[in-house]
Amino acid sequence: MNFGKIHLLKINFEIPLSPQISIPRFVNMFVIEGNKLYLIDAGVKAAFDIIKSFTAEIGHDFSAVQSVFLTHSHPDHIGAAKHIRNATNCTFYAPQAESNWVEDIEEQFRNRPVPGFHQLVAGSVKVNRKITAFQEIELEKGLTLKAIPTPGHSVGSTSYYLKEQNVLFCGDAILLPGEIPVFEDVKAYLNTLETISKLKVSTLYSAWDKPRETNEIPDILQKSKDYILNIQKVAKNKAKEFKNPATMEFCQAVLEELGQNKALANPLLLKSCLACLIV
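Chemist: In this structure, what is going on with the side chain of Thr144? I would like to understand it.
Modeler: Note on placement: Thr144 falls in strand β8 (residues 143–149). Among the polar contacts listed, one links the side chain of Thr144 to the side chain of Glu164, at a separation of 2.8 Å.

Structure (structure tokens):
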């Protein structure tokens, strides 16, 4: 066996904006293969069958899945969690600050009404272990994950550093240029990019990008920083045109200026735009 082998599963899905309009999206999740299997994130609800088929392809019964490490609580990262738990009774780890949204998806939906939420998430799941900053978890001999706080995209966003291989699973901690701007805290996001830049990382595994090797990482981080700062600049300039920027029209104006489809405007993206106005 190639001990500690990392497998990337690209999960395609759609976000329905209306009965007529859907946005094609994808999310990467990862399988760490040792003697047993360990998942980084759980994809959307439809990912369950993909994960189960893949474990069989690499010669494991699905019961080999020992634990799932959630980078954060958003639908495309927790969607299949309930199905995985029912099929394996594995251990779920999640950031302490977001565990409530994993254990009560209706609370999450009330506070963060993502379009198509219930099509993406199978249900609530109990978090067995609430991750704290810089906590280390030995999966098995020779496989140790360290939790690195990387907030900004969400309040509790956490990356997982596989110490023996110097690789980082960063979830949505890096916003790529051109991507839909989803974040809660600009300052925290920029600090997260700085945090990642200081880690010794041989390979960066993101939910939104292909794997990046050491020499590519500084450029990706700089492009992400420039993009976030540009979003902030656009939002601040557009806000001057509105007496009250807390409107969907303000969100549409920002998206349009960024070259995004203004039909994407929703309360979630409005929250991102308004976050840019906080000094």
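There's plenty left to go through after this.
Chemist: I'm lost on the environment of Gly43 in this one. Help?
Modeler: Mapping Gly43 onto the fold places it in the loop between β3 (37–40) and α1 (47–57). Each C-alpha atom, one on Gly43 and one on Gly152, is 20 Å from the other, the two residues being 109 residues apart in sequence. Setting aside residues no more than four positions away along its own chain, Gly43 makes contact with Val27, Met29, Pro75, Asp76, His77, Ile78, Gly79 and Ala80.

Chemist: I'm lost on the sheet that holds β3 in this one. Help?
Modeler: The strands that make up a sheet are held in pairs by hydrogen bonds between backbone atoms, and each pair lies either parallel or antiparallel. Strand order across the open sheet formed by six strands is β1-β2-β3-β4-β5-β6, with mixed pairing between neighbours. The open sheet has two edge strands with one neighbour each: β1 (5–16) and β6 (129–131). If you compare each strand with its neighbour and ignore which way they point, the axes differ by 20° on average. Together, β1, β2 (22–33), β3 and β4 (65–69) form the strand contacts of α1, whose direction differs from that of β1 by roughly 160°. Helix α3 (residues 81–88) contacts β3, β4 and β5 (91–95) of the sheet and is inclined by roughly 150° relative to β5.

Chemist: Help me out: how do you make sense of the pairing of β1 in this one?
Modeler: Within a regular strand, side chains alternate between the sheet's two faces. As paired strands, β1 and β2 are joined by 12 bridges and run antiparallel to one another. Looking at the pairing, Asn12 lines up with Phe26 of β2. Hairpin connection, β1 to β2: the antiparallel pair is bridged by five residues.

Chemist: Would you explain the packing of aromatic side chains in this entry?
Modeler: Here the distance between the centres and the angle between the planes together describe a pair of aromatic rings. Tallying each qualifying case throughout the model produces nine aromatic pairs. Taken together, a centroid distance of 5.3 Å and an interplanar angle of 20° make the contact between Phe169 and Tyr205 stacked. Residue Phe169 is found in strand β10 (residues 167–171), and its partner Tyr205 is found in strand β11 (residues 203–206); the two are separated by 36 residues along the sequence. By relative accessible area, which is 0% here, Phe169 ends up buried. A relative accessible area of 13% means that Tyr205 is categorised as buried. An aromatic cluster of three or more residues is present, and its members are Phe30, Phe169 and Tyr205.

Chemist: Whenever I open this one, α1 confuses me. Can you help?
Modeler: An α-helix turns once per 3.6 residues; consequently, residues spaced three or four apart project the same way. Inspection of α1 places Ala47, Phe48, Ile51, Phe54 and Thr55 among the buried residues, and these make up the whole buried set. Projection of α1 onto a plane perpendicular to its axis shows the buried side chains occupying an angular sector of 135°, all on one side. More than 90 degrees from the buried face of α1, the exposed residues found are Asp49, Ala56 and Glu57. Contacts made by the buried residues of α1 are with β1, β2, β3, β4 and α3.

Chemist: Explain the pattern of salt bridges here, please?
Modeler: Between side chains of opposite charge, a pair can form when the charged atoms approach closely. Applying the stated rule across the entire model yields nine salt bridges. In this structure, the salt-bridge partner of Arg212 is Glu216, at a minimum N-O distance of 3.1 Å. Glu216 sits in the partly exposed class, given a relative accessible area of 24%. In this structure, Asp219 engages Lys223 in a salt bridge whose closest nitrogen and oxygen atoms are separated by 3.2 Å. One end of the pair is Asp219 and the other is Lys223, both in helix α8 (residues 217–239) and four residues apart, which spans about a single turn. Of the residues examined, Asp219 reaches a relative accessible area of 40% and is grouped as partly exposed. For Lys223, a relative accessible area of 42% translates into the label partly exposed.

Each value, and the rule that gives it
- Residues numbered from 1 in each chain as written.
- Predicted model: local features only at pLDDT ≥ 70, side-chain atom pairs only at ≥ 80, totals over all residues.
- Heavy atoms only, no water.
- Helix = DSSP H or I, 4+ residues; strand = E, 2+ residues; numbered from the N terminus.
- Polar contact = N/O pair within 3.5 Å; in protein donor to acceptor, adjacent residues only side chain to side chain.
- Contact = heavy atoms within 4.5 Å.
- Pairing = 2+ DSSP bridges.
- Axes fitted to C-alpha atoms, helices over the stretch in contact; angles between N-to-C directions.
- Phe/Tyr/Trp six-rings, centres within 6.5 Å; stacked < 30°, edge-to-face > 60°.
- Buried < 20%, exposed > 50% of the residue type's maximum accessible area, 1.4 Å probe, protein only.
- Arc of directions from axis to C-beta.
- Salt bridge = Lys/Arg side-chain N within 4 Å of Asp/Glu carboxyl O.

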